[in-house]
Every structure is written in structure tokens, then in C-alpha cells.
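Here are the chains, one letter per residue:
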There are 4 protein chains.
Amino acid sequence: MIQSIPDAKLVGRGSKTENTVIAVGGVSVGGPDIVVMAGPCSVENEEQLIATAFAVKRAGAKILRGGAYKPRTSPYSFRGLHEEGLKLLAEARRATGLPVVTEAMDTQHLDLVCAHADMIQIGSRNMQNYTLLEEVGKLRVPVLLKRGFSATIKEFLLAAEYIAGGGNEQIVLCERGIRTFETSTRNTLDLSAVPLLKRWTHLPVIVDPSHGTGVWWLVPHMARAAVAVGADGLLIEVHVNPQAALSDGEQSLRPEKFERMMNDIRPVAHAMGRGW
Amino acid sequence: MIQSIPDAKLVGRGSKTENTVIAVGGVSVGGPDIVVMAGPCSVENEEQLIATAFAVKRAGAKILRGGAYKPRTSPYSFRGLHEEGLKLLAEARRATGLPVVTEAMDTQHLDLVCAHADMIQIGSRNMQNYTLLEEVGKLRVPVLLKRGFSATIKEFLLAAEYIAGGGNEQIVLCERGIRTFETSTRNTLDLSAVPLLKRWTHLPVIVDPSHGTGVWWLVPHMARAAVAVGADGLLIEVHVNPQAALSDGEQSLRPEKFERMMNDIRPVAHAMGRGW
Amino acid sequence: MIQSIPDAKLVGRGSKTENTVIAVGGVSVGGPDIVVMAGPCSVENEEQLIATAFAVKRAGAKILRGGAYKPRTSPYSFRGLHEEGLKLLAEARRATGLPVVTEAMDTQHLDLVCAHADMIQIGSRNMQNYTLLEEVGKLRVPVLLKRGFSATIKEFLLAAEYIAGGGNEQIVLCERGIRTFETSTRNTLDLSAVPLLKRWTHLPVIVDPSHGTGVWWLVPHMARAAVAVGADGLLIEVHVNPQAALSDGEQSLRPEKFERMMNDIRPVAHAMGRGW
Amino acid sequence: MIQSIPDAKLVGRGSKTENTVIAVGGVSVGGPDIVVMAGPCSVENEEQLIATAFAVKRAGAKILRGGAYKPRTSPYSFRGLHEEGLKLLAEARRATGLPVVTEAMDTQHLDLVCAHADMIQIGSRNMQNYTLLEEVGKLRVPVLLKRGFSATIKEFLLAAEYIAGGGNEQIVLCERGIRTFETSTRNTLDLSAVPLLKRWTHLPVIVDPSHGTGVWWLVPHMARAAVAVGADGLLIEVHVNPQAALSDGEQSLRPEKFERMMNDIRPVAHAMGRGW
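The rules behind these values
- Residues numbered from 1 in each chain as written.
- Chains lettered and ligands numbered in written order.
- Predicted model: local features only at pLDDT ≥ 70, side-chain atom pairs only at ≥ 80, totals over all residues.
- Heavy atoms only, no water.
- Helix = DSSP H or I, 4+ residues; strand = E, 2+ residues; numbered from the N terminus.
- Rg over C-alpha atoms; globule rule 2.2 N^0.38 Å.
- Buried < 20%, exposed > 50% of the residue type's maximum accessible area, 1.4 Å probe, protein only.
- Areas by Shrake-Rupley, 256 points an atom, 1.4 Å probe, with all protein chains shown as cover.
- Lys, Arg positive; Asp, Glu negative; His and termini not counted.
- Charge placed at Lys NZ, Arg CZ, Asp CG, Glu CD.
- Contact = heavy atoms within 4.5 Å.
- Buried area = accessible area lost by both parts, 1.4 Å probe.
- Salt bridge = Lys/Arg side-chain N within 4 Å of Asp/Glu carboxyl O.
- Polar contact = N/O pair within 3.5 Å; in protein donor to acceptor, adjacent residues only side chain to side chain.
- Least-squares fit on C-alpha atoms with pLDDT ≥ 70 in both.
- Pairing = 2+ DSSP bridges.
- Right-handed = clockwise from strand over helix to strand, strands pointing away.
- Phe/Tyr/Trp six-rings, centres within 6.5 Å; stacked < 30°, edge-to-face > 60°.
- Axes fitted to C-alpha atoms, helices over the stretch in contact; angles between N-to-C directions.
- pLDDT = per-residue confidence, 0-100.
- Parallel < 35°, antiparallel > 145°, perpendicular 65-115°, else oblique.
- Left-handed = near helix turned anticlockwise from the far one by under 90°.
- Expected span 1.5 Å × (residues − 1).

Regarding the overall build of chain A
Thought 1: Across its full length, chain A carries 9 helices and 10 strands.
Thought 2: Scaling as 2.2 N^0.38, a compact globule of 276 residues should have a C-alpha radius of gyration of about 19 Å, and chain A matches this with 17 Å.
Thought 3: Taking the principal axes of its C-alpha atoms as reference, chain A extends roughly 50 × 45 × 40 Å.
Thought 4: Within chain A, the proportion of its 276 residues that are buried is 68%.
Thought 5: When the accessible surface of chain A is totalled, it reaches about 8,500 Å², and 48% of it is carbon and sulfur.
Thought 6: Considering chain A, the positive charge centre built from 30 side chains and the negative charge centre built from 29 side chains are found 3 Å apart.

Thoughts on the interface of chain B and chain C
Thought 1: In this assembly, 31 residues from chain B lie in contact with 31 residues from chain C.
Thought 2: Around 2,800 Å² of area is buried between chain B and chain C when both sides are counted, 45% of it from carbon and sulfur atoms.
Thought 3: Sorting the residues of chain B by area buried against chain C places B:Thr73, B:Tyr76 and B:Tyr162 first, and these three jointly supply 20% of that buried surface.
Thought 4: Linking chain B to chain C there are 4 salt bridges.
Thought 5: B:Glu134 serves as the salt-bridge partner of C:Arg79, at 2.4 Å between the closest nitrogen and oxygen.
Thought 6: Applying the counting criterion to the chain B and chain C interface returns 21 residue pairs in polar contact (both at pLDDT 80 or more).

Quick look at the relation of the copies chain B and chain C
Thought 1: If you rotate chain B by 180 degrees and push it 0.0 Å along the axis, it lands on chain C with an RMSD of 0.0 Å. With respect to symmetry, the two chain copies, as superposed, fit the operation of a two-fold axis. No C-alpha of chain B lies nearer the rotation axis than that of B:Ser150, which sits 3.1 Å from it.
Thought 2: Residue by residue, 100% of the interface of chain B is reproduced at the interface of chain C, so both copies engage with the same surface.

Points about the pairing of strand β7 (residues 143-146) of chain B
All names here are of chain B.
Thought 1: Side chains Val143 and Leu145 project from β7 onto one buried face, and the interleaved Leu144 and Lys146 project onto a second face that is buried too.
Thought 2: With 3 bridges connecting them, strand β6 (residues 119-122) and β7 associate as parallel partners. Across the sheet, the residue bridging to Gln121 is Leu144, located in β7.
Thought 3: As for the winding sense of the linkage, the β-α-β connection from β6 through helix α4 (residues 130-138) to β7 is right-handed.
Thought 4: Strand direction decides the pairing type here: β7 and strand β8 (residues 171-175), joined by 4 bridges, are parallel.

A closer look at the interface of chain C and chain D
Thought 1: Contact with chain C, which involves 43 residues of that partner, is made by 43 residues of chain D.
Thought 2: Both faces combined, the contact of chain C with chain D buries some 3,400 Å², and carbon together with sulfur accounts for 70% of it.
Thought 3: Counting the surface chain C buries against chain D, the share from its top three residues, C:Met1, C:Phe181 and C:Trp217, is 19%.
Thought 4: Here chain C and chain D share 2 salt bridges between them.

Points about the packing of aromatic side chains
Residue and element names in this part refer to chain C.
Thought 1: The full count for this structure, using the stated rule, is 4 aromatic pairs over all chains.
Thought 2: Ring geometry for Tyr130 versus Tyr162: centroids 4.2 Å apart, planes at 20 degrees, classification stacked. Here Tyr130 is found in helix α4 (residues 130-138), whereas its partner Tyr162 is found in helix α5 (residues 153-165), with 32 residues between them in sequence.
Thought 3: Taking the relative accessible area as the measure of exposure, Tyr130 reaches 2% and is therefore buried.
Thought 4: Using a relative accessible area of 3% as the deciding quantity, one classes Tyr162 as buried.

Re the pattern of salt bridges
Thought 1: Tallied over the entire structure, the rule returns 56 salt bridges over all chains.
Thought 2: With a closest N to O distance of 3.7 Å, A:Glu237 and A:Arg65 form a salt bridge. Residue A:Glu237 is found in strand β10 (residues 233-237), and its partner A:Arg65 is found in strand β4 (residues 63-65); the two are separated by 172 residues along the sequence.
Thought 3: You can call A:Glu237 buried: its relative accessible area is 0%.
Thought 4: Owing to a relative accessible area of 3%, A:Arg65 belongs among the buried residues under this scheme.
Thought 5: Among the salt bridges present, the one from A:Asp118 reaches A:Arg93, with a minimum N-O distance of 2.9 Å. Of this pair, A:Asp118 sits in the loop between α3 (110-116) and β6 (119-122) while A:Arg93 sits in helix α2 (residues 83-96), and the two are 25 residues apart along the sequence.
Thought 6: Connected through salt bridges with shared partners, the residues A:Arg147, A:Glu175, A:Asp190 and B:Glu182 form a single ionic network.

Description of the sheet that holds strand β4 (residues 63-65) of chain D
The strands making up a sheet associate through backbone hydrogen bonding, with each pair oriented either parallel or antiparallel.
All names here are of chain D.
Thought 1: On the basis of which strands lie adjacent, the closed barrel formed by 8 strands has the order β3-β4-β5-β6-β7-β8-β9-β10 and parallel pairing. Neighbour-to-neighbour, the strand axes of the sheet open up by a mean angle of 25 degrees, direction not taken into account.
Thought 2: Examined bridge by bridge, strand β9 (residues 205-207) and strand β10 (residues 233-237) share 2 bridges and lie parallel to one another. The partner of Ile206 across the bridge, within β10, is Gly233.
Thought 3: The strands that helix α2 (residues 83-96) touches are β4 and β5 (100-103); relative to β5, the one it contacts most, it runs at about 165 degrees.
Thought 4: In the packing of helix α5 (residues 153-165) onto the sheet, the strands contacted are β7 (143-146) and β8 (171-175), and the crossing angle to β8 comes to about 160 degrees.

A look at the pairing of β6(A)
In regular strands, side chains alternate between the two faces of the sheet.
Thought 1: Burial of β6(A) is two-sided: the residues A:Met119 and A:Gln121 facing one way and the residues A:Ile120 and A:Ile122 facing the other way are all buried.
Thought 2: Handedness of the crossover is the feature at issue here: the chain leaves strand β5 (residues 100-103) of chain A, passes through α3(A), returns alongside β6(A), and the resulting connection is right-handed.

Details of the confidence of the model for chain A
Thought 1: With 100% of its residues at a pLDDT of 70 or more, chain A has an overall mean of 96.
Thought 2: Of the two predicted TM-score estimates for the complex, the pTM is 0.97 and the ipTM is 0.96.

Describing the sheet that holds strand β7 (residues 143-146) of chain A
Residue and element names in this part refer to chain A.
Thought 1: Ordered by their spatial adjacency, 8 strands build a closed barrel running β3-β4-β5-β6-β7-β8-β9-β10, and the pairing between neighbours is parallel. Direction aside, the axes of adjacent strands within the sheet are offset by 25 degrees on average.
Thought 2: Across 2 bridges, the pairing between β4 and β5 is parallel. By the bridge assignment, Arg65 is partnered in β5 with Val101.
Thought 3: Strands in contact with helix α9 (residues 255-271) are β3 (35-39) and β10; relative to β10, the strand with the most contacts, it is inclined by about 160 degrees.

Quick notes on unusual backbone geometry
Thought 1: The backbone of A:His82 sits at a positive phi, close to 55 degrees, despite the residue not being glycine.
Thought 2: Relative to the elements of secondary structure, A:His82 occurs in the loop between β4 and α2.

Details of the packing of helix α1 (residues 46-59) of chain A against α2(A)
Residue and element names in this part refer to chain A.
Thought 1: Contact geometry of α1 with α2 gives a least axis separation of 10 Å together with a crossing angle of 40 degrees. The pairing of α1 with α2 is recorded here as oblique in orientation. Here α1 runs over α2; the crossing is right-handed. Facing Glu46, Leu49, Ile50, Ala53, Phe54 and Lys57 of α1, the residues of α2 in contact are Leu88, Leu89, Glu91, Ala92, Ala95 and Thr96.

Some words on helix α1 (residues 46-59) of chain B
All names here are of chain B.
Thought 1: Taking 1.5 Å of rise per residue, 14 residues should cover 20 Å, and α1 covers 20 Å from first to last C-alpha, within 8% of that figure.
Thought 2: Within α1, the full set of buried residues consists of Gln48, Leu49, Ile50, Thr52, Ala53, Ala55, Val56 and Ala59.
Thought 3: In this structure, the buried residues of α1 make contact with β3 (35-39), β4 (63-65), α2 (83-96) and α9 (255-271).
Thought 4: Among the residues of α1, the N-terminal cap falls to Asn45, whose side-chain oxygen and the backbone nitrogen of Glu47 are separated by 3.2 Å.

As C-alpha cells, then:
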């Protein structure tokens, strides 16, 4: 079994023993607080986004997530509102005060995404899009780097190293499930990645149980487990009407279920000496 | 994604909504208490076993585990003490009062194992050894059925159905990690299997983070996560001298580390409304 | 990447450089001829079996396959005719002159299987049933050992080593597909296993494209590829009426399609300097 | 199992029953001839490239491959000569007359790659880089699209659909191995993908046994199997001095071994009614 990753020169523990804390808007990721990032898979319209944003804020989420550029397996699926979606996110931030994280799929999107968002997400399919990683490394904006769905932990850390190589060490790593033979879940959430990463890197690590399971009712269970295993935060899909969602409805929580989930994980967070 | 398993007629929730609680010696598995089963991978000698048994009992373990018949990839690896190992387990039970669980690899071992142990373990490699499952189904002894390392949750439940078909419903299911492409860990512990199984079956579900990770220092982290996700118990490898262990030394905890682990998971168990 | 397997002391090339040729009835496996073993997944009744046996013989098959003991995921699926099936196989052998291979699932079946068949098959799910391997090692009967559906090549060879350890080196290895994330096929046929095994062991290696794909029309394509990659034989499911088959109908060829397949692979066999 | 892919509207057989033949320079891919594309993993210097180009041409290769932009897991590995590499490729084309295929990793490279190469390769890690696929779709240049190392066949075809959606249907698909649990090979070459793709799409399909195995001596075996399974061509790594290669030396053939491989596969190609 792999014991260490020598090429993780900048993001590895070898370069820094204390944990890195990253400021996203006014929110600290990687400190004592568990940071929950929540919101719809796709930004669909103003009403949906604003209603969801207020709901997740009320329940304790600290950062709003929402996709304006959506990588989809089929070109005929809904692929996001693009610039209009970014503007709605900025509007939701003004309305709620929540910082915003959203995905950039290409170097061409970076200027626009930076103009409207507080944190750039690099999605699972782009974890080894090295040109994109290098461009993001030149920015001075927090990055949420999701693990490729078939990336080893070593490859994941070295993807972060690409970003850090440009001088941008504001990187939050996100475990989001890996592709296995199991068909009861969309992916297999690899929670052992969290303590492994916390040992090998000084960067914060969060968990996405929505993509990690693909099943809405599993999300609160895996969120609790993620907190217990030492994650610094969670990324959760919430939708006011999952049945009508343009993407990922099956794995999205209604706002009231999200609120219940937050109450459900609080005692475990406290048991870990954390809260929000 | 798979939504239900119609052929799980006896072990499925369709046949019984309340949870099954199984008595192993005087210990209840599947009730409010978290049941920790701990001990060495292999029974090696009297001194090692008795010392480990008292140590795990002191730390809160309720059942002693130890292998007398060891399935090993290479025929040239240590394969257990066989009947002598069973006798040592029985002796450790007398000394400590802890009920004993140990693996039977073949129908030919069943009489001897039943004579010395309180619970028969069916190992991962034998999860689809249907003759063995059926013979165990004819007994009236508790069974610890481990998930095959590449079995889907559906296949796992149907293996339990084979046992139940013979009239023996005293079955505890154990998630122990699945084989994936990741090489930093020995297996990928699939904790989402726990809430899925708890929804689909009335049987108790426990987790083995020792095989699930193959890395001793990951065990306490994953044990906490297992408790938080709703597991009814844990199966943990403990050895008084892991470096000298004849099998699985890399994933075994020393007694003092095991005790620290038990203290470490207690607050999470309490947060889940459970204890031991 | 793994370069060699030191513990393969008996089955490895270290112990013997020339290829082992195994006699099954009067048929040599591992010599210059490609040996095709064909027949139904399950023995269902006399008419089905005899008709299929004559048809596969006519098309060039040299050994008849058919299951009397069927390992099935669900206990409620058809699990074979057991002793009656073995008797029908023996009858088909008398009628056609074809030697017979059939699966034994347990040590308890061995006497009966040996009494009726020329070769004992150890199925994929039992590749690591070490008690069964050791018992088979004590016999002096040819063994067809199928790769576990999630076994590495190393584990596969060491399973053969268990058999050889008892003194029985009449072992034919069979690649039959591994479990992966791909869902268009039942398994992923790993043809690179053939040249790897031919380099690491002196035992014959055959390929089962029926289980390897799970799709009848893919079978002839993969059979051609198997011959081109150097396989010593093929294991093919043939059924007179696949729609009505009690198991594996989707991957079974009708006799006329099997005959076409045999004609189809002959030029490739000749290109490899082989035939039948 | 998946039976068809409705969203493959343009690349699927539904839109066109005859096979698409694509002209790369003067070479037809997808016609009766097997087209072998060969050359070094990375372009390293003029001498290495020109010597290799002449050698592969002499042995029967029809297209020269060579990487100028190299996606590498670690940022500290050799990542290609970039524009200088493209110029060397163009020079090798002038010297040998062989058309050239090389990888573009980003939309920013497209102009430069198109200026120097005859065919653009989209690598495995970029198979779901949808912005890149769409930009390539706007060009009128042949594209070599490699399967993602963990992409299903469905996802692979839908990636091609992204390119075709822009009006560019000059797409050659390349199976190059998938990530599995097996560790004896770098990837598991999934040859069943070839007949599946040939049934579901009208596009040509080739196979890369170099990446598919990661082991140079396995390459000729798997090349033969690829031809036997119906591939329209091969992509082979050849290096004049594999030990000194800056990337992928372990899986590269020396020119004389490549020539022997070409002689080795010719009879199988003839058996399939093809040649070069």
C-alpha cells in the first residue's frame, strides 16, 4: 500500500505541519467549525435559487453552491444557464450574504466565474484537466477541487499540487465518491480518503455525500459519518422541488429534510469537538 | 440504481419490520448497545490470546474474535492452528467470560467450530459458498456473515437468504470493505452499505474497519464513522505485538491503541443515543 | 506492476519450462490443438442435453460441458438437477463419445462428480474455497479452475498452487471475465490474462467468452480474439433454445450460431498455427 | 445490461448504417485496411523522432504518433516539448510522408496543433472535457478520441456525440484500457468494447495495447487479439531506446520488436480478410 506521496511538495505535510485555513468570503474552511456548503445542483431560475439559498442559510449552511456550467454525460441534457446562472448566484449572495461556490469547466470561464463567485469549483471530470488546474493556480481565489470519480488519492493530491505550483494554495479538497462495481449507489463514498488526506496534506478536506451516494435518503447518514471521520465540511445538494429538478433530483434534499439533517449531525459534530 | 431486493423474502423488511436482536452468549447484537468484537486475526498461542482477550475485555469489547482456520491467498502462508486454536479460544472464553466468534471455512469444520465457539463466522471469500451457507442454515447457532470483497449489497443479502432458508435467522451482517482501484488502502470500506442494509433487512449490521482499510491508524477513524452511520457493532483486530503477528499485523491495533479507540468513539456513540 | 509470483512454486515456470499437456478423456488440452468445450449452462433434461451434445460435437467441440450443481445468487433460482444431471451427462458421453466437464461446488460432491465426469470444474465463486481446492488436489482427475470474478492473476495462480500442492497438477486455467464498472457487458473479459499466465505458468489456459461478456452475439468476436491472443481452448455455452433456458439464456448460442462461430474462428486458429 | 444508447443520435447506427471512413492525410481509417499508428509516447528530440518515424514506416505503420503536450499525473514529470515538439512532428511528416496525430490538452492548443498535425488526439483524461470536445467539433479536422480510463462505453459514445454535434463527424474511437483492481497490468484492455462499438456506431474503432497493458511484451499479443476482434487499427508506442524514454518506457517497443509484431499480426489480419 502507498505510504506517502513525495511529489506532493507544496500540498504535502512535509512542507507545513499546521492545517491550512482558507477564507471563502468571510467563512473559514479548515478551522474548528464544520462548514456546510449547500444549494441546488443547477441554478434553474431566480425563484428556485433564492428560496433555496434562504432555506439553507436558515438551517446552518455557510456557503451557497449552485451550478451555472454543468458537465453532463449527454449533450442533450440540461447544461446550465451559464452567465445568467452566475448572475443569479451573485444576486443570491447579495440577498442572503452567503458566499458562493460554482464550477468552472474551462479556462475560458474563469474570468466570468471569478467576477461572480467567491470560490471556483473544479469538478470531478476535470480533476486531471491540467491546463485548467494551472490557470486556476495563477489566480488568488479559493478553489474547491473535487476528486476524480476514478482518481486514486495520490492522483488527487498531485492535481492539487498542479494548482499550488502556480502559487495558489487556497485549495479545499472534496471526496465525492468513486466508481466501483456496486449498483445500489451512484458512487461509493470513500470516507477513508478523509483521514488519509488529513495525514498527507495540510489542506482542508470536505465530503459530498449527495454525489457520493446518489440517493437522497442516504445523504444524512453519510453526512454524519463524514463529520465523525474528521471532514472539515460538507457539500450538499438541496432543491425546493427535487421531482422537478433539471439535474440530480434523486440525490437532492428538500429544505425541510436538509434542516433535519443539520439537526441530526449536530450532536456528532459536538462529539468531535466541532460545530458551526 | 437498485431499489429493492424481492428475493430477500426472509431477511428483507417485507417479512418483518422490527429489528432482529441476536443473542451471542449473553450479548445482544442489534439492540441499543454497540457491540465491539475484538481480538487477534489468528490465534497464535495461549499467551498471545489470553493477554489480548483480557485487554479487549477491559477496554469494552463484548465478544472475542480470533481465527483458527485462516483462508490465505498463498498456501505457504500461516493458515491457523485449527483444532488447537479452537481449544485456545474456548479456554479464553472460560478465563474472560467473553463469548467467542471464529471462522469456519468448510462444512467439515462446522461440528468442531460449534463445539468451541458461540458464533460462526463465514468469511468474505466464502460468502457465495452456497453449500456452506445451507449447512449453517440448518444449525441453530448465530452466524457472522461477512460481505464478499466484490459482492454487491444485493448478492450479500441473498447470501443471508440462503442461511435463513434453512431456518437459521440468527445472522449478523458485516461490511468489511470492497475491492476497488484505490491502492492506499487494502479495501474501500463502503459505509453506505450500512444504512442501505438497515433499510432493506431486519438483521443487525456491523463494520470491520481493520480489513476495510488494512491500515491500523485508519481503524479508529473509520470505527467512529461506522458508529455514526448506524452500525450495530464493530469487528476489530487487536494484537499484543503487531510486528510479530503471523497475519494482518499491519492492520492490527495494540491493546493500548484499542483502548484509546474505544474512548474515542464513545462520544459519537452517545451522540447516536447508544453506548456499550 | 507485479513482475512475478514467487509462491507459485509448483505451477510457475520456475519449476518447469515446457508446457503441461493434460489429457481429458482422450483429448489433449495445452497441445497444438485448440480445444473447444461446449454445452448448456445447466443440464435441464435428456432431450436438451443429448441434442446439444451431438450438435456441438458436429461443429468441432471436443469436450461437453454442462452444469448439474449450479451456484446461483438467489436461492430461489434454478440450481441444477444434481445427481440426475450427472447421470444425464454420463449418458451424453456414452452417446457422443465426448468427455464431460462439470462443476463441483463442495467437497461433498466430489465422489459423485468423479464417478460421472472426466474433468471437475471449480467455479469462479469457489476459486478461493481452499478446502475444496485441497480436496481436489488429492484426486488424480483433471481440474478446470475458473478465475474468481474479482481475483487478481496472482491470486488465481496461487489458487492453482493449492491444488498442485496435493499432487494433482492436471489443472487447466480459465479466464472468464472480471467485475468492473462497465455495465454493457456482464463482466469484462481480461484477455491480457492469457499471455501473462502463459508466461508465468506451464499450465494450459482457456477462455470463457460466454460468461466473459454475458451477451451471445459478442461470444464469437471474443472467441476469435481469445484464439489470437494464444488461448489453448474455449468454453462456450450452447443451448437448443436459449429463450427457454433455465439459466444464462442471454449468453448462450444456438447450435447453428455455434457452428458458424467455429467456422469463423478457424482461419484465425490457422493463422496462429493451430486448429482442431 | 445496456442495450442501446438513444442519445447517440449522430454517431449511432440509427443515423447511418454504413461504416464511416475517415481520411487522415492520404490514409483511410475505417476501410478494409488495418491502420497502424505508431511512434514515441513523447517527442523528445529530432534524432529520436526521425529515427523512430522511419522505422515504423518501414515496418508498415501508416500514421506517426507522438506527444508534444503530455498530461502527467505529477507536475514534476516531463510534460512535453510543446510547440517545439509540434514542429518536430511536422518535420518528421515532411521527411517520411506519414501523416501525424498528436494530443491537444486544451482549447488554447487547438490552433497550433491544427497547424502542424493531421489529426487531433483527445486523451483519456480529457474524454469528458466538454468544452474541448465542443471546440474540436467546430473544426473540420480528424479527431482521435480515446476512451476515458473509467468511462463506460455509453459515456464514450456520448463524448463522441458532443464532437459530432458541432458538425465534425471525422472521429476515430480508441479503446485504451480501463481501470480495474488488477495490478499485473497498467489497465485492463476491454476488447469487448470493439464489437460493441462497431454495432452501436458507424465510426471507426482502433485499439491502443500499449496503454492498455503498460507492459511492452504484452503489446504484440493484445495487438493480434485486437485485430481478431475487429479493430480498424492500432495505436502503438515505439521508442528507439525505451530505457531512456522520458515517459512510458516500460510499455514501448523497440523498432525491431515493432517490426516483428507487424509480421506477427499479418496472418491474423489476413484471416480477417484485411491487411495494410
